[in-house]
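Commentary on secondary and tertiary structure
Take a look at the letters that make up each chain.
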Amino acid sequence: MTTEALTRRVAARKTKARRRGGWHAYLFIGPSLFGVVAFLILPVVIVFVLSFFDWELLSDPTFVGLDNYRKMAGDGSVWSSLGITVAYVLLCIPLQTVLALALALLVNQKVKGVKFFRALFVVPWMATPMVLGLVWSWIFDPKDGAINQFLDLFGITGPAWLSETSLALPAVALVHVWQNTGYNMLFFLAGLQGIPQELYDAAACDGATPRQRFWRVTLPLLNPTMFFVTVTNMIGAFQAFDTIYSMTAGGPSQSTAVINYKIFHVAFKEFDFGYASTLSLVLFLVILLVTLAQVRFFAKRTTYDLS
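These notes cover the structure that comes with them. (Residues numbered from 1 in each chain as written. Predicted model: local features only at pLDDT ≥ 70, side-chain atom pairs only at ≥ 80, totals over all residues. Heavy atoms only, no water.)

1. Some remarks on the overall build of the protein chain
To be explicit about the condition: The helix and strand labels rest on DSSP assignments: H or I over at least four residues marks a helix, E over at least two residues marks a strand, and numbering proceeds from the N terminus. Both definitions apply: the radius of gyration is a C-alpha atom measure, and the globule rule equals 2.2 Å times residues to the power 0.38. To sort residues, take the accessible area from a 1.4 Å probe on protein chains only and compare it with the maximum for the residue type: under 20% means buried, over 50% means exposed, and anything in between is partly exposed. Areas reported here follow the Shrake-Rupley algorithm with a probe of radius 1.4 Å; residue values treat only the protein chains shown as occluding. By the counting rule applied here, Lys and Arg register as positive and Asp and Glu as negative, while His and the ends of each chain are not counted. Charge positions come from single atoms, namely NZ of Lys, CZ of Arg, CG of Asp or CD of Glu.
A tally of regular secondary structure across the protein chain gives 13 helices and two strands. Over its C-alpha atoms the protein chain spans a radius of gyration of 26 Å, topping by over 25% the 19 Å that the globule rule assigns to 307 residues. Burial status across the protein chain gives 37% buried among its 307 residues. Of the roughly 18800 Å² of accessible surface on the protein chain, a fraction of 68% belongs to carbon and sulfur atoms. Between the mean site of the 23 positive side-chain charges and the mean site of the 17 negative ones, the protein chain shows a separation of 20 Å.

Take a look at the structure:
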């Protein structure tokens, strides 16, 4: 057998082995792939199709073309809900991110009992948002709530937190921040512990102050963590529903009616599933655009190689 024929035979065997290995790989990723298709891609496709229909659940869907999109374009309550959602995101994300980073810096110290506080700060995230909403509704109660009773000790009459249009959204946003800050702290803590100590030592030898080390070493090297935290938190804030539903049910005067609550109301109160699908698709596109903008922003500002 010539060398060329032997080389071809070896190459053919390697190709055949790779194909067999490829099938084995698909068997391993099959369950996860099924989950992605069944619970992520397929629902988006179904929502997209339903957005062209008028469907009240009990009757057969009726094709209406772009009528749902025309209706949405002239529906002021939808754009108001989107504006409220953006305001809610802006109230939650900056404060939540700053507090999570500050907590991570505090619990990254080598002091006695620090592990207890690390666990303590994560406890709120483990609770169900609906239950937390009910608890915080009592805390914000204007008569018997803990906050106003505390203010009474100083002779201050507390407001009706969840009944005033100017205070309801910040109050709900505060609960969202309180619940998720500790969870995000864990990611920042992992990022901080992944920064080599040699970099801080080198900066200190060059005369950098602690503040300069934070801005020139810590913060730039936390960009991968910052990217992950902001993207996931932004998506979560845009999809907020449970806490708002249990605390205010969109009130007062629709001041907390975020877009997800609007979708719920259209679908399960008005039973207009075609229009609700249209609103869901719009929310999906908004989240997609915001996420892509974040990816582009962090793309040139992030390094993953700390060697």
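2. Some points on the environment of Leu279
To be explicit about the condition: Two residues form a contact once any of their heavy atoms are found within 4.5 Å.
Its place among the elements puts Leu279 in helix α13 (residues 273-299). Its relative accessible area of 1% is what places Leu279 among the buried residues. In the structure, Leu279 is positioned 24 residues away from Ser255 in sequence and 18 Å away in space, judged by C-alpha atoms. In this view, Leu279 contacts Met72, Val78, Lys262, Ile263 and Val266; residues no more than four positions away in its chain are not counted.

3. Regarding the packing of aromatic side chains
Applicable threshold: The pairing test for Phe, Tyr and Trp rings, Trp by its six-membered ring, is centres within 6.5 Å, and the orientation test on the planes gives stacked under 30 degrees, edge-to-face over 60, and tilted for anything in between. By definition, being over a ring means that NZ of Lys or CZ of Arg is both within 6 Å of the ring centre and within 35 degrees of the ring normal.
Applying the stated criterion to the full structure yields 24 aromatic pairs. Pairing Phe53 with Phe63 gives two aromatic rings, centres 5.5 Å apart and planes at 75°, and the pair type is edge-to-face. Residue Phe53 is found in strand β1 (residues 53-54), and its partner Phe63 is found in strand β2 (residues 62-63); the two are separated by 10 residues along the sequence. Geometrically, the ring pair formed by Phe297 and Phe298 is edge-to-face, given 5.2 Å between the ring centres and 90° between the ring planes. Residue classification places Phe297 among the partly exposed positions, given a relative accessible area of 44%. Of the aromatic side chains, those joined through ring pairs into one cluster are Trp55, Phe241, Tyr245, Tyr261, Phe264, Phe268 and Phe273. Geometry around Tyr275 places Lys71 over its ring, the cationic atom sitting 4.3 Å from the centre.

4. Let's talk about the nonpolar core
Under the convention used in this document: Throughout this description, the term nonpolar core refers to a set of buried Ala, Val, Leu, Ile, Met, Phe, Trp, Tyr and Cys residues connected via side-chain atoms within 4.5 Å.
Membership of the largest hydrophobic core comes to 23 residues, with the highest contact counts inside it found for Tyr88, Trp136, Phe140, Ile244, Met247, Val258 and Tyr261. Going through the elements one at a time, α3 (76-107), α5 (129-139), α7 (168-193), α11 (242-247) and α12 (259-268) are the ones with two or more residues in this core. With six residues, the single largest contributor to this core is α7. Within the second largest apolar cluster, 20 residues are counted, among which are Leu101, Met185, Leu222 and Phe298.

5. Points about the pattern of salt bridges
Note the threshold: Whenever Lys or Arg places a side-chain nitrogen within 4 Å of a carboxyl oxygen from Asp or Glu, that contact is recorded as a salt bridge.
What the rule picks out here adds up to two salt bridges. With its nearest N and O atoms 3.4 Å apart, the salt bridge here joins Asp272 to Lys71. One end of the pair, Asp272, is in the loop between α12 and α13; the other, Lys71, is in helix α2 (residues 67-73), and 201 residues separate them in sequence. Overall, the relative accessible area of 40% leaves Lys71 in the partly exposed class.

6. Observations concerning the packing of α12 against α13
Definition in use: Between N-to-C directions, angles span 0 to 180 degrees; the directions come from axes that are lines fitted to C-alpha atoms, helices contributing only their stretch in contact. If an angle is under 35 degrees, it is roughly parallel; if it is over 145, roughly antiparallel; if it lies from 65 to 115, roughly perpendicular; otherwise it is oblique. Two helices crossing with the near one rotated counterclockwise from the far one by less than a right angle form a left-handed crossing, whereas a clockwise rotation gives a right-handed crossing.
It is the contact of α12 with α13, at a shortest axis distance of 8 Å, that shows an interaxial angle of 165°. What the angle tells us is that α12 and α13 run roughly antiparallel. Handedness of the crossing formed by α12 with α13: left-handed. Seen from α12, the contacting residues are Ile259, Asn260, Lys262, Ile263, Val266, Ala267 and Phe268; seen from α13, they are Phe273, Tyr275, Ala276, Leu279, Ser280 and Leu283.

7. Here's the deal with helix α10 (residues 223-238)
The criterion, for reference: Given the number of residues in a helix, its expected span is that number minus one, multiplied by 1.5 Å.
The end-to-end C-alpha separation of α10 is 22 Å, in line with the 22 Å expected for 16 residues at 1.5 Å each. By the burial criterion, the buried members of α10 are Asn223, Pro224, Thr225, Met226, Val229, Thr230, Val231, Asn233, Met234, Ala237 and Phe238. Of the surrounding elements, those touching the buried residues of α10 are α3, α7, α9 (210-221), α12 and α13.

8. Quick look at the packing of α9 against α10
Quick reminder of the rule: Following the grouping adopted for this structure description, the nonpolar residues are Ala, Val, Leu, Ile, Met, Phe, Trp, Tyr, Cys and Pro, the charged ones are Asp, Glu, Lys and Arg, and the polar ones are all others, Gly among them.
The interhelical angle for the contact between α9 and α10, taken along N-to-C directions, is 50°, at an axis separation of 5 Å. On the basis of the axis angle, α9 is oblique to α10. On α10, the residues touching Leu219, Pro220 and Leu221 of α9 are Asn223, Pro224 and Met226. Residue composition of the contact of α9 with α10, grouped by class: five nonpolar, one polar and no charged.

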